[in-house]
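# Overview (structure and organization)
Each chain, written out:
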Amino acid sequence: MVETQGGEPGDGAAEVLDRPLPDGVRRRVVQIVSDAFGALTFVELPAQLRQYARFTPSRRAKFAGNAMAAALETDPLFRHRVGEKFKEAHPELSHALDSGSPPAAADPLDVAAAAYVLRPPGWVKLVAAAGEEAQRADAERVDEESRAELERLRAELAAAREQTRADTERLRAELDAARKETESLHRKLRAAHSDVRRGEAALRKARGELEAVRAEGQAHVSAAESETRRLKARLGEAEAALEAARRAAREGRSVEDMRVRLLLDTVLDAAQGLRRELALPPVSVWPAQTVDAVEPGRMTPKDIAARALSEHDPAILDQLLALPQAHLVVDGYNVTKTGYPQMPLEKQRLRLLGQLSQLAAQTGAEVTCVFDGAELVAPVLLAPPRGVRVLFSKPGVTADELIRQLVRAEPPGRPVIVASTDREVADGVARAGARPVASAVLLKRLTRG
């Protein structure tokens, strides 16, 4: 059905389609618009289509199909521009439509889509004819598929019937064989029943004898198990006592040997150092030399006191580290936060350990640096420098307590120096026999190099 809108009769632009555009025709119309889309300037596009100007033709057809179809229907100027681009791309088909004689060999859907865009006289009939042709083609395709499906089902039915017939014959043969086998089994079963009755009588007799033997054996086994458990318990107690004695002897011997050996080395080194320092002649001391007096030209105790060093003089640390078998224990964070608190903890540790390594190389003393590890969320990846032992306190144990443990582990008489400004640490190590020095003294000594 053709209606007119404000034009001359027969004017294609005035014709209106009174039914929905067939789906196949619509897809080809969207493709025509998408192909012409790229040839139009941004200004020539309708406002609602300008957002798709940078899309590729495939994405434009996929995401802007409805918008392009709507613009083509409602915007005559846009439809005219698309029609001009289509005429440039397909002049033969456009000329045939304008002359009213579309090519007979052309696809009806392509002809209908071109007529919908160009709007020649009678384009509505072409679109309607294309829709009817598409419906007819779909109906024929569905009919052909239905016929093929019917033939397939018939073939499957025939095969199923043949298979059923073969299965029936096979099952009949198997049933006959099963009947014969069942008769044979019945005969054997009757003979077996007789044997079973005789066997049951013999079994009852043997079972009575077995129960008697089992009761006697169970009594012997219970007695043996009780004795075995008692012996195992005594053996376990003896092994535990032996292991405890061995461990106590081993630990006590190793710790005491280490402490005695270290104390002996300290005494020997101190004696040798004292001998070298005093340059004692290989003669005995004269009794008169034991009398306390001031000889002419010698310094008095007053003179020596006047030359005493200040508590903050790093020379004190040099004198202490020069003692035989000296052991320097450093309260790490106490020293770093006194000297360079603005640095991150990692850089504080690296700087202090590097300086302590140089000090250990210069003095030959044993150096142990203790850091508080109670707040660490993961182990510290640190390679201790040469000559410096690095320790972190365990969770729940402070660095102060670890320092006191290190001091208590040393034998009495060994010179132990603890560098810390913490008053509680200093008092505690002093009571344990160590010599505390302030962190500032150690920092001055390290800065001096």
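Use the structure listed above.
Anyway, here's the lowdown on the structure attached to this text.

For the chain, the helix and strand inventory stands at 14 helices and seven strands. Taking all 449 residues of the chain together, the buried fraction comes to 26%. A separation threshold of at least 6 residues defines the contact pool for the chain, and within that pool the share at least 24 residues apart is 59%. Here the chain displays about 30200 Å² of accessible surface, and carbon together with sulfur accounts for 56% of that area.

A word on the side chain of Glu410. The topology assignment puts Glu410 in the loop between helix 12 (399-409) and strand 6 (416-419). Of the residues examined, Glu410 reaches a relative accessible area of 13% and is grouped as buried. Setting aside residues up to four positions removed in sequence, Glu410 forms contacts with Arg259, Leu262, His327 and Val416.

A separate point is the packing of aromatic side chains. This model, assessed by the stated rule, comprises two aromatic pairs. Ring centres 4.9 Å apart and planes at 55 degrees place the aromatic pair Tyr333 and Phe371 in the tilted group. With Tyr333 in helix 10 (residues 332-339) and Phe371 in strand 4 (residues 366-371), the pair connects residues that are 38 residues apart, well separated along the chain. Here Tyr333 and Phe371 have matching classes, each one buried.

So, about the sheet that holds strand 6. Spatial ordering of the open sheet is given by 5-4-3-6-7, a layout of five strands whose pairing is parallel. With partners counted over all chains shown, the strands left at the sheet margins are strand 5 (388-392) and strand 7 (435-437), one partner each. Strand-to-strand twist across the sheet, computed as the mean angle between neighbouring axes with direction ignored, equals 20 degrees. Here three bridges tie strand 6 to strand 7, and the two strands are oriented parallel to one another. When the bridges of strand 7 are listed, Ile417 appears paired with Arg435. Packing against the sheet, helix 10 makes contact with strand 3 (327-331), strand 4, strand 5 and strand 6, and its axis sits at approximately 65 degrees to strand 3. On top of the sheet, helix 13 (residues 423-431) reaches strand 3, strand 6 and strand 7; it is set at about 160 degrees to strand 7, its chief contact.

So, on to the pattern of salt bridges. One pass over the structure, following the stated rule, counts 20 salt bridges. Linking Arg414 and Glu410 is a salt bridge whose minimum nitrogen-to-oxygen distance equals 2.8 Å. The network of salt bridges with shared partners includes Glu366, Arg389, Glu410 and Arg414.

Each pair of packed helices can be summarised by the angle the axes make with each other and by the distance between the axes. The geometry of helix 1 (residues 23-37) relative to helix 3 (residues 65-74) is characterised by a closest axis approach of 9 Å and an angle of 90 degrees between their N-to-C directions. Comparing their axes, helix 3 and helix 1 come out roughly perpendicular. Residues Arg26, Val29, Val30, Val33, Ser34 and Phe37 of helix 1 touch helix 3, and the partners they reach there are Gly65, Asn66, Met68, Ala69 and Leu72. Here the residues of the contact of helix 1 with helix 3 are counted per class, giving seven nonpolar, three polar and one charged.

Right, let's talk about unusual backbone geometry for a bit. Backbone geometry at Gln325 places phi at a positive 55 degrees, although glycine is not the residue there. Inspection of the secondary structure puts Gln325 in the loop between helix 9 (314-321) and strand 3. Owing to a relative accessible area of 27%, Gln325 belongs among the partly exposed residues under this scheme.

Our next topic: the side chain of Arg404. With respect to the helices, strands and loops of the structure, Arg404 is situated in helix 12. A relative accessible area of 18% places Arg404 in the buried class. Once residues within four sequence positions are removed from consideration, Arg404 is found in contact with Glu424 and Val425.

Turning to helix 12, a few remarks are in order. When helix 12 is considered as a whole, its buried residues turn out to be Ala399, Leu402, Ile403, Arg404, Leu406 and Val407. Residues of helix 12 that are buried in the fold lie against strand 3, strand 4, strand 5, strand 6 and helix 13.

The rules behind each value
- Residues numbered from 1 in each chain as written.
- Predicted model: local features only at pLDDT ≥ 70, side-chain atom pairs only at ≥ 80, totals over all residues.
- Heavy atoms only, no water.
- Helix = DSSP H or I, 4+ residues; strand = E, 2+ residues; numbered from the N terminus.
- Buried < 20%, exposed > 50% of the residue type's maximum accessible area, 1.4 Å probe, protein only.
- Contact = heavy atoms within 4.5 Å.
- Areas by Shrake-Rupley, 256 points an atom, 1.4 Å probe, with all protein chains shown as cover.
- Phe/Tyr/Trp six-rings, centres within 6.5 Å; stacked < 30°, edge-to-face > 60°.
- Pairing = 2+ DSSP bridges.
- Axes fitted to C-alpha atoms, helices over the stretch in contact; angles between N-to-C directions.
- Salt bridge = Lys/Arg side-chain N within 4 Å of Asp/Glu carboxyl O.
- Parallel < 35°, antiparallel > 145°, perpendicular 65-115°, else oblique.
- Nonpolar A, V, L, I, M, F, W, Y, C, P; charged D, E, K, R; others polar.

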